[in-house]
Amino acid sequence: MAEKNPNTDRPFLDIKDLVVEYVSDGETVHAVNGVSLHLERGKTLGLVGETGAGKTTIAKSILRILPDVGAKICGGEVHLDGENLLELPEVEMRKIRGNKISMIFQDPMTALNPVQTVGDQIAEVVRLHLEHGDRTDPVERAKEMLEIVGIPAERFSEYPHQFSGGMKQRVVIAIALACNPDLLLADEPTTALDVTIQAQVLDLIADLRNKYNTAMLLITHDMGVVAQVCDDVAVIYAGNIVEYGTKRQVFKHPTHPYTIGLFGAIPDMNEDEEWLHPIDGLPPDPTNLPQGCAFSPRCPYATDECRKEAIKVYRTADGHDCRCCRIEAIAKKEG
Amino acid sequence: MEPVIRVENLKKYFATPGGALHAVDDVTFSIEAGKTLGVVGESGCGKSTLGRTIIHLHESTDGKIFLEGKDITKLKGRELRAAREKMQIIFQDPYSSIDPRKTISSTVMEPLKVSGRYNRREIAEKTAELMGLVGIDERLRLAYPHELDGGRRQRVGIARALALDPKFIVCDEPVSALDVSIQAQVLNLLKKLQQDKGLTYMFVTHDMSVVRHISDDICVMYLGQVVEKCPSKELFAMPLHPYTKALLSAIPSTDIDNPTKREILKGELTSPINPKPGCRFAARCPFATEACEQPQVQEEVSPGHFVRCCRIREVN
Amino acid sequence: MPETKTAPAPQQHKAKKKSEFMRVMRQLSKNKLAMIGIAVLIIEILLAALAPWIAPYEYDKMDIPNAFATPSAEHLFGTDDMGRDIFSRVLYGGRYSISTGILAVLISTVLGICVGSVAGYFGGQVDNIIMRLLDIIQAIPGMLLMIVIASVLGPGFINTVIALSVGSIPASARMLRAQMLKERENEYIEASQSINCSKFRIIFSHLLPNCMSPMIVSSTMGVAQTITTAAGLSFIGLGVQPPTPEWGAMLSAARQFMRQAPHLIIFPGLAIALTVLVLNFVGDGLRDALDPKLKN
């Protein structure tokens with residue numbers, strides 16, 4: 001949804017009209033349907049949405065690690081630092097993965113190799129991405145990384161099972177940051193962790209991002225995490241960005257009915273309410289998306305107009321986009 | 001009035017190669033009819049084990065469990081089965097808690113069949129009624145679990161738990177595997193069922209906003225022990241135990257104007273295997289002194305507000 | 001309460017009450033390979049059963065001058081070293097081979113399931129004792145064990161089947177136990193405890209159906225193994241007694257003529273291979289049909 005401004009250069013990460021489909025059993029799953037977003041160095045963009053909304057698929061498309069069988073990037077561009085990643089040959093891409101872009105996965109329990117020491121796993125990433133003539137000692141670098149994420153370097157030669165969940169996630173972060181990536185894709189990095197540990201890890205990630213001026217794409221379903229870490233927010237529903245803006249715009253003035261519903265469904269920490277306000281119904285079947293607005297079957301404001309054709313993006317304020325044709329009517333009702 | 005569930009000094013230790021794992025250690029509480037007790041804590045604090053021990057999925061090591069005033073701790077055989085019918089459980093994982101090879105209706109009707117009290121027609125009628133009660137479409141009767149989304153599966157689990165008209169239900173993280181919008185649907189359903197049927201809940205969760213919404217009283221657990229117990233509102237307004245304070249401040253708030261002042265705890269959970277006699281939180285507690293190495297007693301600070309900390313006067 | 005709208009409408013279950021058996025059969029009938037497998041298997045069994053009427057020659061009728069004849073109109077599969085008609089022998093051999101194979105596997109699988117599910121469900125000491133007993137059986141080389149059993153019981157059809165099945169009980173028991181230990185961790189088992197299901201019901205109604213897939217596949221594979229092992233027993237004179245034909249025995253007897261007269265080995269070999277192949281088709285089809293997740 002980023003509007004291209006010819007006067008300035010392209011943003012650091014610039015995704016345009018990304019379309020990804022999966023084919024299984026003769027059915028086409030429309031996972032990502034024309035997503036555009038942009039991200040500058042040192043900034044964090046939060047990608048919020050429900051299970052199956054296509055958040056992880058976007059991240060995997062940027063890295064080009066979608067499964068070979070069945071998944072297909074059908075269109076769009078992913079520019080990183082002016083280079084279209086989708087057009088690079090695989091050999092080039094391999095140099096970028098883990099070096100310029102790295103990814104933190106949701107489940108620290110399965111992201112580590114159980115039969116290799118954590119230190120070796122960090123050192124391996126460093127070694128793989130050493131430039132010719134670079135004299136960095138991978139082992140030293142690995143120890144340094146451990147210290148940075150708050151694990152004593154003495155634990156270099158311990159195995160993943162000797163670490164707790166939070167510690168493992170720190171190791172995963174250390175691996176992701178070992179090569180000073182320019183772009184960090186964090187896919188639900190704290191979902192598997194307890195709140196007190198989550199607070200530690202979020203702090204750590206924020207610190208490191210500020211220190212190295214890394215751009216970060218944070219995928220989450222937790223509005224609280226977004227509020228704490230992100231600068232910008234993109235709300236995604238059924239493979240489409242439905243609302244996009246700065247954190248303040250989206251949290252203070254949510255305009256899309258889905259975003260409004262999402263906030264309403266979270267139990268309020270400061271107010272007592274007898275009943276929650278869930279969004280009716282279920283997310284649509286991605287093999288059979290409804291015509292027009294994908295949210296229309298669950299939307300309390302939907303009219304016939306919403307079900308006719310694809311909905312355009314409306315800009316309500318500077319940089320605040322909303323994919324809904326009934327913004328004004330909703331704004332009136334919501335007051 | 002007699003509380004529906006009362007536990008006294010309940011203990012559950014598991015034998016491990018390293019020694020006894022104190023999963024639940026000296027827990028005492030009671031829940032009045034129609035009320036909800038929220039049990040919060042981080043993974044490994046023993047909150048799920050507590051629920052399972054009460055409904056006899058685990059055998060308790062020590063202590064007593066009373067159901068409607070009757071000691072059920074050591075029940076066996078037919079008496080245990082009768083007691084179990086009054087206590088049910090709703091599980092966290094809607095994927096693994098339903099037999100994947102059984103149709104929805106056969107899962108819901110199984111408790112009725114097993115009880116042996118109903119004939120075929122009554123079973124069919126009751127099953128249809130239960131499915132209506134939790135909002136599962138009649139057409140899904142012969143569907144298999146994998147055809148359903150998480151929210152609907154969780155409704156199947158709820159219907160199964162309700163089949164025998166229990167008094168008391170342990171809800172073991174029933175919404176943590178669900179998306180926010182679906183989570184709200186299920187929470188509303190649970191609340192409505194409680195009002196309609198006068199159910200008593202023990203609601204185990206790690207999500208503070210959920211527990212605040214649904215509970216009347218809340219227990220905060222840390223490594224097998226209850227460190228603080230009080231009415232829900234009081235806990236959020238005036239937490240007393242250092243762990244509760246840290247836990248509450250760690251929740252990321254959605255209010256971007258007033259970001260919570262966070263106290264980041266150092267370190268992680270210590271091992272629950274052969275714990276030291278003193279306060280279990282002492283290793284991470286910013287206020288810990290030598291006095292904390294003594295066994296801690298639970299103290300009623302104000303009516304209905306229990307804290308297990310020897311330094312609460314200094315801390316607050 | 002907000003009513004749940006049915007967004008991705010799961011398939012309509014228009015069919016009224018259909019039993020589980022009917023569902024499996026319907027699924028199975030959709031699987032082409034499995035249907036071919038069943039058809040071929042039935043034909044094989046019919047041919048074997050009707051061998052006395054179909055076979056052009058007596059299986060033991062020797063015709064020395066005509067030994068090693070290559071396949072011709074007279075002898076469809078040729079003749080063996082003693083001039084016996086191989087086609088007739090393959091037909092008769094099927095009676096013995098197919099029935100020992102299937103029967104022995106059936107017995108060992110059923111016993112393995114019983115032993116394995118008890119060990120897997122109860123765990124602890126029970127599991128320990130059962131597993132150590134199985135270890136003892138497995139410590140004896142398989143062939144040796146069979147020889148001991150067969151020689152104690154004496155030759156004969158039933159005795160061979162017993163000898164063949166005992167040796168493979170530990171393997172199937174172990175497999176089921178491992179499967180059960182994994183499956184037991186699921187919360188639906190705790191759920192069935194909390195609704196007062198008996199142990200018997202939990203094992204047979206919930207656990208076993210979820211543990212059967214690998215058992216079915218390995219059993220169909222096991223049939224092939226058993227047919228060849230049965231041949232081994234015949235070879236040392238403990239299985240079926242010559243001149244009664246049996247595929248495995250025909251194979252091993254023909255070994256020495258492999259270079260001069262390959263048809264001696266090809267036809268019984270093909271018979272075994274075909275049987276194994278179709279059994280695998282049936283096994284795979286059955287596994288898929290039993291799994292509601294694979295319903296289309």
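Scroll up to find the structure this text is about.
Residues numbered from 1 in each chain as written. Chains lettered and ligands numbered in written order. Predicted model: local features only at pLDDT ≥ 70, side-chain atom pairs only at ≥ 80, totals over all residues. Heavy atoms only, no water.

(A) Region of interest: the interface of chain A and chain B. Between chain A and chain B, the residue contacts involve 43 residues of the former and 39 residues of the latter. When chain A packs against chain B, the two sides together hide about 3700 Å² of surface, and 56% of this comes from carbon and sulfur. Of all residues in chain A, Thr196(A), Met269(A) and Trp275(A) give up the largest surface area on contact with chain B, accounting jointly for 17% of the area buried on that side. Linking chain A with chain B are zero salt bridges, by the criterion used here. Scanning the region where chain A abuts chain B turns up 12 residue pairs in polar contact (both at pLDDT 80 or more). Those elements that place two or more of their residues in the side of chain A that touches chain B are helix 6 (165-177), helix 7 (195-212), helix 8 (223-229), helix 9 (247-252) and helix 10 (257-265) of chain A. (Contact = heavy atoms within 4.5 Å. Buried area = accessible area lost by both parts, 1.4 Å probe. Salt bridge = Lys/Arg side-chain N within 4 Å of Asp/Glu carboxyl O. Polar contact = N/O pair within 3.5 Å; in protein donor to acceptor, adjacent residues only side chain to side chain. Helix = DSSP H or I, 4+ residues; strand = E, 2+ residues; numbered from the N terminus.)

(B) Highlighting a nonpolar patch on the surface. Residue and element names in this part refer to chain C. Taken together, the side chains of Leu103, Leu106, Ile107, Leu111, Ile140, Leu144, Val148, Val152, Leu153, Phe157, Ile158 and Ile162 present a nonpolar region at the surface, about 990 Å² in accessible area. Of all the secondary structure elements, the ones that give two or more residues to the nonpolar patch are helix 4 (86-122), helix 6 (142-153) and helix 7 (157-184). For isoleucine 107, the position within the fold is in helix 4. (Patch = residues over 30% accessible without salt bridge, like charges linked within 9 Å, V, L, I, M, F, W, Y side chains within 5 Å. Areas by Shrake-Rupley, 256 points an atom, 1.4 Å probe, with all protein chains shown as cover.)

(C) The arrangement of the interface of chain C and chain B in detail. Contacts between the two partners involve 34 residues from chain C, matched on the other side by 39 residues from chain B. In this assembly, chain C packs against chain B so that about 3600 Å² is buried in total across both faces, 52% of it on carbon and sulfur atoms. Linking chain C to chain B there are three salt bridges. Across the salt bridge formed by Arg52(B) and Glu187(C), the nearest N and O atoms sit 3.4 Å from each other. Mapped onto the side of chain C that touches chain B, the elements with two or more residues apiece are helix 1 (20-30), helix 8 (187-194) and helix 9 (199-235) of chain C. Broken down by class, the residue content of the side of chain C that touches chain B amounts to 11 nonpolar, 13 polar and 10 charged. (Nonpolar A, V, L, I, M, F, W, Y, C, P; charged D, E, K, R; others polar.)

(D) Region of the structure containing the packing of aromatic side chains. The tally for this structure, following the rule as stated, stands at 14 aromatic pairs over all chains. Between the aromatic rings of Tyr237(A) and Tyr258(A), the centroid separation amounts to 4.5 Å while the plane-to-plane angle is 50°, which identifies the pairing as tilted. A residue pair is termed long-range when its members are at least 10 positions apart, and Tyr237(A) in strand 9 (residues 232-237) and Tyr258(A) in helix 10 qualify at 21 residues. The class of Tyr258(A) is buried, set by a relative accessible area of 0%. Measuring from ring centre to ring centre gives 5.2 Å for Tyr121(C) and Phe122(C), while their planes differ by 90°; the resulting arrangement is edge-to-face. Owing to a relative accessible area of 9%, Tyr121(C) belongs among the buried residues under this scheme. Judged by relative accessible area, Phe122(C) falls into the partly exposed class, the value being 40%. Chaining the aromatic ring pairs together yields one cluster made of Tyr237(A), Tyr258(A) and Phe295(A). Above the face of the Phe14(B) ring, Lys12(B) is positioned so that its terminal group lies 4.9 Å from the ring centre. (Phe/Tyr/Trp six-rings, centres within 6.5 Å; stacked < 30°, edge-to-face > 60°. Buried < 20%, exposed > 50% of the residue type's maximum accessible area, 1.4 Å probe, protein only. Lys NZ or Arg CZ within 6 Å of the ring centre and 35° of its normal.)

(E) Structural context of helix 6 of chain C. Residues and elements named next belong to chain C. If you check helix 6, its first and last C-alpha atoms are 16 Å apart, about what 12 residues at 1.5 Å a residue would give, namely 16 Å. Considered for burial, the residues of helix 6 that qualify are Leu145, Met146, Ile149 and Ala150. Buried positions in helix 6, seen along its axis, are confined to an arc of 125° and lie on one side of it. In the stretch just after helix 6, glycine 154 is the one whose phi turns positive, near 90°. (Expected span 1.5 Å × (residues − 1). Arc of directions from axis to C-beta.)

(F) Spatial organisation of the sheet that holds strand 2 (residues 19-31) of chain B. All names here are of chain B. If you trace the four strands from one edge of the open sheet to the other, you get 2-1-4-5, paired in antiparallel fashion. Either end of the sheet is taken by a strand with one partner, and the two such strands are strand 2 and strand 5 (70-71). Bridge count between strand 1 (residues 5-16) and strand 2: nine bridges; the pairing is antiparallel. Bridge assignment links threonine 16 to a residue of strand 2, and that residue is glycine 19. (Pairing = 2+ DSSP bridges.)

(G) The state of the cysteines, seen in detail. Residues and elements named next belong to chain B. For the structure on display, the rule yields zero disulfides over all chains. Cysteine 292 provides the cysteine sulfur closest to cysteine 279, a residue in no disulfide bond, and the two sulfurs are 5.7 Å apart. On the accessibility criterion, cysteine 279 (17% relative accessible area) is buried. (Disulfide = S-S within 2.5 Å.)

(H) Region of interest: the sheet that holds strand 12 (residues 305-307) of chain B. All names here are of chain B. Taking strand neighbours across the sheet as the criterion, the eight strands line up as 6-7-8-3-9-10-12-11 in an open arrangement whose pairing is mixed. Each having just a single partner strand, strand 6 (87-90) and strand 11 (299-302) make up the two edges of the open sheet. Between one strand axis and the next, the sheet turns by 20° as a mean value, whatever way the strands run. By the bridge criterion, four bridges tie strand 6 to strand 7 (residues 168-172) in an arrangement that is parallel. Note that in strand 7 the partner of isoleucine 89 across the bridge is valine 170. Strand contacts of helix 6 (residues 180-197): strand 3 (36-40), strand 6 and strand 8 (200-205), with the helix running at about 155° to strand 8, the strand carrying the most contacts. Packing of helix 9 (residues 242-250) onto the sheet brings it into contact with strand 9 (217-222) and strand 10 (225-231), and relative to strand 9 it is tilted by some 100°. (Axes fitted to C-alpha atoms, helices over the stretch in contact; angles between N-to-C directions.)

(I) Representation of the packing of helix 3 (residues 104-115) of chain B against helix 4 (residues 120-133) of chain B within the structure. All names here are of chain B. Contact pair helix 3 / helix 4: the axes reach a minimum separation of 9 Å and the direction vectors enclose 120°. By the angle between their directions, the pair helix 3 and helix 4 is classed as oblique. For the pair helix 3 and helix 4, the sense of crossing is right-handed. On helix 4, the residues that touch Ile104, Ser105, Val108, Met109, Leu112 and Lys113 of helix 3 are Ile123, Lys126, Thr127, Leu130 and Met131. Across the contact of helix 3 with helix 4, the residue classes tally to seven nonpolar, two polar and two charged. (Parallel < 35°, antiparallel > 145°, perpendicular 65-115°, else oblique. Left-handed = near helix turned anticlockwise from the far one by under 90°.)

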